[in-house]
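Residue-level listing of the chains:
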Amino acid sequence: MQHTHARPRKPATDAFPANEEKYFLEGPRSRLHELFFAIKVLVEFIRGFRVFHFTGPCIAVFGSARVKPGSPYYEAARELSAGITKLGFTVMTGGGPGIMEAANRGAQEAGGRSVGCNILLPREQQPNNYMSKHFDCRYFFVRKVLMFKYAYGFVIMPGGIGTLDEFFEALTLIQTHKILNFPVILFNKSYWEPVMPLFHKMVEENMTEPEALKYVLFTDSNEEALQHIKKFSVLKYRLKREKTFRKFLLLGE
C-alpha cells in the first residue's frame, strides 16, 4: 500500500467558544439553547461518520500527548503500530502529538492506514503530520464515541488522566456488553504496575468478575500484544464484521 509522506498541517481556524461544552454540562438551559446544541452534536457525528466510513477496522492507540520523539515510550508506540498495520488494521489515535503521533507515524511508515480523531481545545492541540485523514472534534464525548465505534481493540500506552479515562471506558463498555469483547492491552508493565493490585482487589472483594479482565493484557512485548489482538480481534470478529461499502459520488465520497 502506498503511503503519504509527512507534510506540514495548517492550524485549524475553526474556532469555537471555549465554554460551550462546559455550559452544556452545568445543567439545564433554555429549550432553544438545548435544541441548537443537540443539532450541533448531531451534525458533528454525521461529519465524523463520513470521514471514517471507509477507514476499515481500526485498533485505537491511546497515550500521553507529552511524550517527545525519540523517547522510549514514543519509539515503543511507533514500533507496535507498525506491527498492527501488518495484521491488516488501520491505526486510529486522538490525532495529536506524543504517543498519538508516534502511533500514526509507525503505521504510515509501515505502509498502513493511519487516521486520527483530534480534539479542538482553547489551547489548540494541532493534528500531527502522519495521518492520511483526520477529523477535528469540538466535543470530547463525540470524539470518544467515534474512536470506540471504529475500534476492534485498544492499546493503552503510558499516559495521564485522559489515558486512564479511555482505558476504563473500554473496560466498562466490554463489561456491560455495550461493545463486543475486544482486547485491551496495557503496554509497559513498569508504568502500569500500580493499577494491577487494584484489579486484584476488585476481584477479591467481588466488585467485578474475573471474566471482565479476561481481555486485558499487561505486557512489554510487541509479539505478545500482536498475538492478543490477533486472537480476540482478527480470528474472533474481523471476518464476521468486515464489509466493503460502495462510495457514492453524489455524497462526495
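The structure this text deals with has already been given above.
The residue numbering used here restarts from 1 in each chain and proceeds along that chain's sequence as written. For a predicted model such as this one, the threshold for reporting local features is a pLDDT of at least 70, and the threshold for listing and counting side-chain atom pairs is 80 or more; totals across whole chains, interfaces and linings nevertheless cover every residue. Side-chain metrics rest on all non-hydrogen atoms present in the structure, leaving aside hydrogens and water.

**Here we look at helix 6 (residues 161-175)**
Thinking step 1. Strands are runs of DSSP state E lasting at least two residues, helices are runs of H or I lasting at least four, and both sets are numbered from the N terminus onward. What a helix is expected to span follows from its residue count: subtract one and scale by 1.5 Å. With 15 residues, helix 6 extends 21 Å between its outermost C-alpha atoms, agreeing within 8% with the 21 Å of an ideal straight helix rising 1.5 Å per residue.
Thinking step 2. Buried residues of helix 6: Thr163, Glu166, Phe167, Ala170, Leu171, Leu173 and Ile174, and no others. Seen along its axis, helix 6 keeps its buried residues to an arc of 165°; they face one direction. Each residue gets one of three labels from its accessible area relative to the maximum for its type: buried under 20%, exposed over 50%, partly exposed in between, using a 1.4 Å probe on protein chains only. The arc refers to the directions leading from the helix axis to the C-beta atoms.

**Focus: the packing of aromatic side chains**
Thinking step 1. Aromatic contacts are taken between Phe, Tyr and Trp rings whose centres are within 6.5 Å, Trp giving its six-membered ring; a plane angle under 30 degrees counts as stacked, one over 60 as edge-to-face, and the others as tilted. Throughout the structure, instances matching the rule amount to 16 aromatic pairs.
Thinking step 2. Relative to Phe199, the ring of Phe168 lies with its centre 6.3 Å away and its plane at 55°, an arrangement referred to as tilted. Separated by 31 residues along the polypeptide, Phe168 in helix 6 and Phe199 in helix 8 (residues 196-204) bring together distant segments of the chain.
Thinking step 3. The exposure class of Phe168 is partly exposed, given its relative accessible area of 30%.

**Things to note about the nonpolar core**
Thinking step 1. Think of a nonpolar core as a cluster: buried Ala, Val, Leu, Ile, Met, Phe, Trp, Tyr and Cys residues, connected wherever their side-chain atoms sit within 4.5 Å. One finds Ile84, Leu146, Phe154, Val155 and Val184 to be the most contacted residues of the largest nonpolar core, which totals 61 residues.
Thinking step 2. Here, residues are in contact when the closest pair of their heavy atoms is within 4.5 Å. With near-sequence residues (within four places) excluded, Ile84 lies in contact with Ile59, Val61, Phe89, Val91, Val155, Leu226 and Ile229.

**Some words on the side chain of Thr163**
Thinking step 1. Residue position: Thr163 is located in helix 6.
Thinking step 2. Classification of Thr163 by relative accessible area gives buried; the value is 4%.
Thinking step 3. Those residues in contact with Thr163, other than ones at most four positions away along the chain, are Phe62, Gly63, Ser64, Ile156, Met157 and Trp192.

**What to know about the packing of helix 3 (residues 72-86) against helix 4 (residues 99-109)**
Thinking step 1. Where helix 3 contacts helix 4, the two axes come as close as 7 Å, and the packing angle between them is 40°. Comparing the axis directions of helix 3 and helix 4 gives the class oblique. Where helix 3 crosses over helix 4, the two elements pack in a sense that is right-handed. The residues of helix 4 that touch helix 3, namely those facing Tyr73, Tyr74, Ala77, Arg78, Ser81, Ala82 and Thr85, are Ile99, Glu101, Ala102, Ala103, Arg105, Gly106, Ala107 and Glu109.
Thinking step 2. Of the residues contributing to the contact of helix 3 with helix 4, the split by class is eight nonpolar, three polar and four charged. A fitted line through C-alpha atoms represents every axis, and for helices the fit uses only the stretch in contact; the resulting angles, taken between N-to-C directions, go from 0 to 180 degrees. Should an angle fall under 35 degrees it is called roughly parallel, over 145 degrees roughly antiparallel, and 65 to 115 degrees roughly perpendicular, with every other angle called oblique. Helix crossings are classified by the rotation of the near helix relative to the far one: an anticlockwise turn of less than a right angle makes the crossing left-handed, while a clockwise turn makes it right-handed. Only Asp, Glu, Lys and Arg are considered charged in this grouping, and only Ala, Val, Leu, Ile, Met, Phe, Trp, Tyr, Cys and Pro are considered nonpolar; every other residue, Gly among them, is considered polar.

**Quick look at the sheet that holds strand 6 (residues 184-187)**
Thinking step 1. Note: two strands are recorded as paired if DSSP finds a minimum of 2 bridges between them. Taken in spatial order, the seven strands line up as 4-3-2-1-5-6-7 in an open sheet, and their pairing is parallel. At either end of the open sheet lies a strand with only one pairing partner, and these are strand 4 (133-137) and strand 7 (216-219). Each neighbouring strand pair of the sheet contributes to a mean axis angle of 20°, computed without reference to strand direction.
Thinking step 2. Looking at chain direction, strand 1 (residues 58-62) and strand 5 (residues 151-156) are connected through four bridges and run parallel.

**A closer look at the pairing of strand 2 (residues 90-93)**
Thinking step 1. On strand 2, burial covers both faces: Thr90 and Met92 on one face and Val91 and Thr93 on the other are all buried.
Thinking step 2. Direction of pairing for strand 1 relative to strand 2: parallel, over a ladder of three bridges. Across the sheet, Ile59 pairs through a bridge with Val91, a residue of strand 2.
Thinking step 3. If the strands point away from the viewer and the path from the first strand over the helix to the second runs clockwise, then the crossover is right-handed. Read as a crossover between parallel neighbours, the route from strand 1 over helix 3 to strand 2 is right-handed.
Thinking step 4. Two strands pair when backbone bridges link them, and strand 2 and strand 3 (residues 114-119) are joined in this way by three bridges, in the parallel orientation. Within the sheet, the bridge partner assigned to Met92 lies in strand 3 and is Val115.
Thinking step 5. Tracing the backbone out of strand 2, into helix 4 and back to the parallel element strand 3 gives a crossover that is right-handed.

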